[in-house]
Every structure is written in C-alpha cells, then in structure tokens.
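Chain by chain, the residues run as shown.
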Amino acid sequence: MRRLIALLALIATSAFAATQVVAATPPAPAATAATSTAKGLWLLTDYPSQTVRAGEVTNVHFKLQNMGLAPEPLALSLGDVPAGWKIDLMGSGQPVAAAMPTMNESVSLQLRVDVPKDAKPGSHVITIRAKGQNQAIELPVTLTIGEIAPAKLTIKSSLPALRGTPKSSFDYTLSVTNDSGKDLTVALAAQAPSNFQTTFTEGYGSNEISSLPIAAGASKDVKIKVTPPRDVKAGDYPVLVKASAESATAEQRVTLQISGQGKLALSTKDGRLSGDATVGKTSNYTLVVSNDGTAPLEDVEMSGTVPTNWKVEFNPKSIASLAAGDKKEVEAVVTPSDKAIAGDYVASFRAGGRGDSANADFRITVTTSTLWGIVGIGIIAVALLVLLGAVARFGRR
C-alpha cells in the first residue's frame, strides 16, 4: 500500500512540472506582426538608375512615404549635382523645397533634370535628401548620359467599327500609349471623308482637344466623335486617326458602317404651297410625297390640321412603300366651314413613315360663293326699283 501511494505521488508531481514548463513557453509571434508595426520615412523610386541625354530635359519620378509617424515638414535638397546641370525638385508641376506626407500616405515628387548639351558621357549619382526634426533620409539616383530610345507611340481602339444611320453620331474610344523614355505632348488628327466632321475629347471629359500630355510609359484614353453628313449614302467609310509627337507617329483606322435611311419631303408639283377655296365647297390640291433618302420607307401615312369645323381627307390615305428616289402624288381634299369668313387660312399637311416625317404649311385663300353675290346684287336692284317707284309715286303729290 505504501508503495502504491508513493507511486501515485510521483506521477502527480511529474504532471504538474510538465504543465509548468508548457505554460512558461510564450507563443511564437506571427510573421506579419513585425511588418505591421514598421514605422519610418522612405524615399522611393521605381527606377533608381536611368539614362538621360545631353541637351534634353528628363523627369525622374519618386515619392516620399510616411509609415506610422506624425506628419511634419521635411526639407528637400539635392547633393552631388554635376557642374553645369540644372536640377529642380518639383511637386504638382511647380518647384518645391519641402513636403509633408500625412500618416501612412505618400507625396509624389519628381526631379526635372536639364542636362547641358556639352555634357560628356558617363554616370552621375545624384542624392535626394529629406530632413525633419528627428529624421534625415537619402535616396541615391544614378543618371547615365547616353542614347535614349526615340519617341514611340501606340494607339488602339477596342471597337474600331460602328454601325448606324446618317443621323447617328459615331463615338470611338482610343487608348494612346507613350512608349518613350520621356514625357510627350501628343498631337491628335483625323483624316475623314469629305463633309464628315471629327472632334476629339478626353476620355472622361467634354472639352474638345487637339493634343494632350502623356507621361513616359503611361497611357491615356481619348474619344473621337465622327458625324456624317445627312445626305450620305449607305456604305462603309474609313477614318484614319493619327497621334504624333516629335518623330513618332501612330495610326488607327476606324470605320463607319452606315446603313441607308429614308428621307421624306412634302411639296406640290410646282412647289407653290397655296391655293383657293370657296366657303362650304370642296377643293382639291395635289401634293407630292418624295423619298430623298437612301433606303425605302414603309407605311407612309397622310394627316392634316385645318381650321375649326373644316374637313380634310387624303387620297390615298397611306402609301405602303416608297422607294429611295421615288415620288407619289396624293390628293388633299379640303372643305372650308359653311360659316367661314373670306380671307387667308393655313392648313398643315404631314407625311409620316417609319423613321422619318415631313410637314408642309399650305395657305388657302377662301372666298364666298358667287351665288350669294348674285343674290346680293338682286336684292340691291330690287331695293333701288322700290325706291325709284316710291319717289315717282309720291313725288307727284
């Protein structure tokens, strides 16, 4: 029994000691914990070694990064600038002497490097410095004088062919890329068929442009709007879009696929839009409906608007189909009101088909019936005879 009790006590003591050892061992910190707590200032650039060319200006982009520190002004300066070189520190397009990135943010900056024409080939290390009250950091940038790749542009359109009618506006989105080693101002131009109008706008703007700046290695979207003339015939019409800068040129051909469209016109045989009518009587006017477009028109309906209590009818009332370049005569039958007063009136005639319509205002001069004129003359004559008889009879007395 004593041996059993001693054995149990020994087992319990060993288990307690093992528990103490495990509890005393702290867990290993996660790998991301150290990364998330990193704080400091950094000067960063994607290309710490670049090529420049004598007699030209090159822009070197870099940024000042703040990770987890309270914002403070940081004085900017340059060191080891070669003699005769002009290098400016730029921010938002203007010279700057200090920058202040907010916590966990960065400020984009650039060096504007003007290399003299007589600079000799070789490499030069320029030091960019940022200094605050508590920290000072540096970024060495190596600039090598040599041959820079010539200007190169590319232009592409995701939808180079669009379909529409002569009344459509054709809008193409183009992506222009500057594949050069320096910033370029790219001029835009278009060669379109005669009487076609073209305008360029920025990808997300409405202002018309003829050129735009594109940074080295960057791309920008532009839109070209092509408006064809209304009388254009059906067919495919190419437009050549050009982007150029310095010695570089890029081209993209876009196509307008224009389908035919009917165009109604309404007139008379002699072109005179006027006529005469008599109160209460029917008058006929011959109208000419023509299709001056490039496609047939279907279901052309005739209608009209006349003064109150007038009547208007058309013969025929509708035209089933009117081919391009074809004409049809339509009789407009107008009956003025019985109570109409003599004078000039306006009737509006309309021809409407699928996709187009035409209107014509027709002036109608209304006169009273000649019968009423004769009756009036007879009444006046009778009145005169009665008056003369009365004078002759009572005048003797």
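The following paragraphs examine the structure supplied in this document. (Residues numbered from 1 in each chain as written. Predicted model: local features only at pLDDT ≥ 70, side-chain atom pairs only at ≥ 80, totals over all residues. Heavy atoms only, no water.)

## A few points about the environment of Thr 177
Line of reasoning, step 1. On the secondary structure map, Thr 177 appears in strand β13 (residues 170-178).
Line of reasoning, step 2. Residue class for Thr 177 comes out buried when judged on its relative accessible area of 15%.
Line of reasoning, step 3. Considered as a pair, Thr 177 and Ile 155 are 22 residues apart in the sequence and their alpha carbons are 6.3 Å apart.
Line of reasoning, step 4. Not counting residues up to four positions away in its chain, the partners in contact with Thr 177 are Lys 152, Leu 153, Thr 154, Ala 218 and Ser 219.
Line of reasoning, step 5. A polar side-chain atom of Thr 177 sits 2.7 Å from a polar atom in the side chain of Ser 219. (Helix = DSSP H or I, 4+ residues; strand = E, 2+ residues; numbered from the N terminus. Buried < 20%, exposed > 50% of the residue type's maximum accessible area, 1.4 Å probe, protein only. Contact = heavy atoms within 4.5 Å. Polar contact = N/O pair within 3.5 Å; in protein donor to acceptor, adjacent residues only side chain to side chain.)

## Some points on the packing of aromatic side chains
Line of reasoning, step 1. Inspection of every chain in the model, using the stated rule, returns five aromatic pairs.
Line of reasoning, step 2. Seen in terms of ring centroids, Phe 196 and Tyr 237 are 5.3 Å apart; in terms of plane orientation they differ by 40°. Their pairing is tilted. A residue pair is termed long-range when its members are at least 10 positions apart, and Phe 196 in the loop between β14 (184-191) and β15 (197-202) and Tyr 237 in strand β19 (residues 235-245) qualify at 41 residues.
Line of reasoning, step 3. Using a relative accessible area of 10% as the deciding quantity, one classes Phe 196 as buried.
Line of reasoning, step 4. Aromatic pair Tyr 285 and Phe 362: ring centres 4.8 Å apart, planes at 50°, arrangement tilted. Of this pair, Tyr 285 sits in strand β23 (residues 283-291) while Phe 362 is found in strand β29 (residues 356-367), placing the two residues 77 residues apart along the sequence.
Line of reasoning, step 5. Residue Tyr 285 is classed as buried on the basis of its relative accessible area, which comes to 8%.
Line of reasoning, step 6. In this structure Phe 362 comes out as buried when scored by relative accessible area, which is 3%. (Phe/Tyr/Trp six-rings, centres within 6.5 Å; stacked < 30°, edge-to-face > 60°.)

## Notes on the sheet that holds β13
Line of reasoning, step 1. In space, the five strands of this open sheet follow the order β11-β13-β18-β15-β16, with antiparallel pairing throughout. For this open sheet the edge positions go to β11 (153-157) and β16 (208-209), each flanked by a neighbour on one side alone.
Line of reasoning, step 2. Sheet topology places β15 next to strand β18 (residues 219-227); six bridges connect them, and they run antiparallel. The residue bridging Glu 202 from the neighbouring strand is Val 222, located in β18. (Pairing = 2+ DSSP bridges.)

## Side note on the side chain of Ser 274
Line of reasoning, step 1. With respect to the helices, strands and loops of the structure, Ser 274 is situated in strand β22 (residues 274-278).
Line of reasoning, step 2. A relative accessible area of 14% means that Ser 274 is categorised as buried.
Line of reasoning, step 3. Of the polar contacts made by the side chain of Ser 274, one reaches the side chain of Arg 272; its length is 3.1 Å.
Line of reasoning, step 4. In this structure, Ser 274 is in contact with Phe 362 and Arg 363, ignoring residues within four places of it in sequence.

## Quick word on the nonpolar core
Line of reasoning, step 1. In this structure, Leu 153, Val 186, Leu 188, Val 226 and Leu 256 are the most contacted members of the largest nonpolar core, which totals 29 residues.
Line of reasoning, step 2. With residues up to four places along the chain from it excluded, the contact list for Val 186 reads Leu 153, Val 176, Ser 210, Ser 211, Leu 212, Ile 214, Ala 243, Ser 244 and Ala 245.
Line of reasoning, step 3. If you look at the next biggest cluster of nonpolar residues, it comprises 26 residues, including Met 302, Trp 310, Phe 314 and Val 334. (Core = buried A, V, L, I, M, F, W, Y, C linked by side-chain atoms within 4.5 Å.)

Limitation: the analysis is restricted to geometry and does not speak to function.
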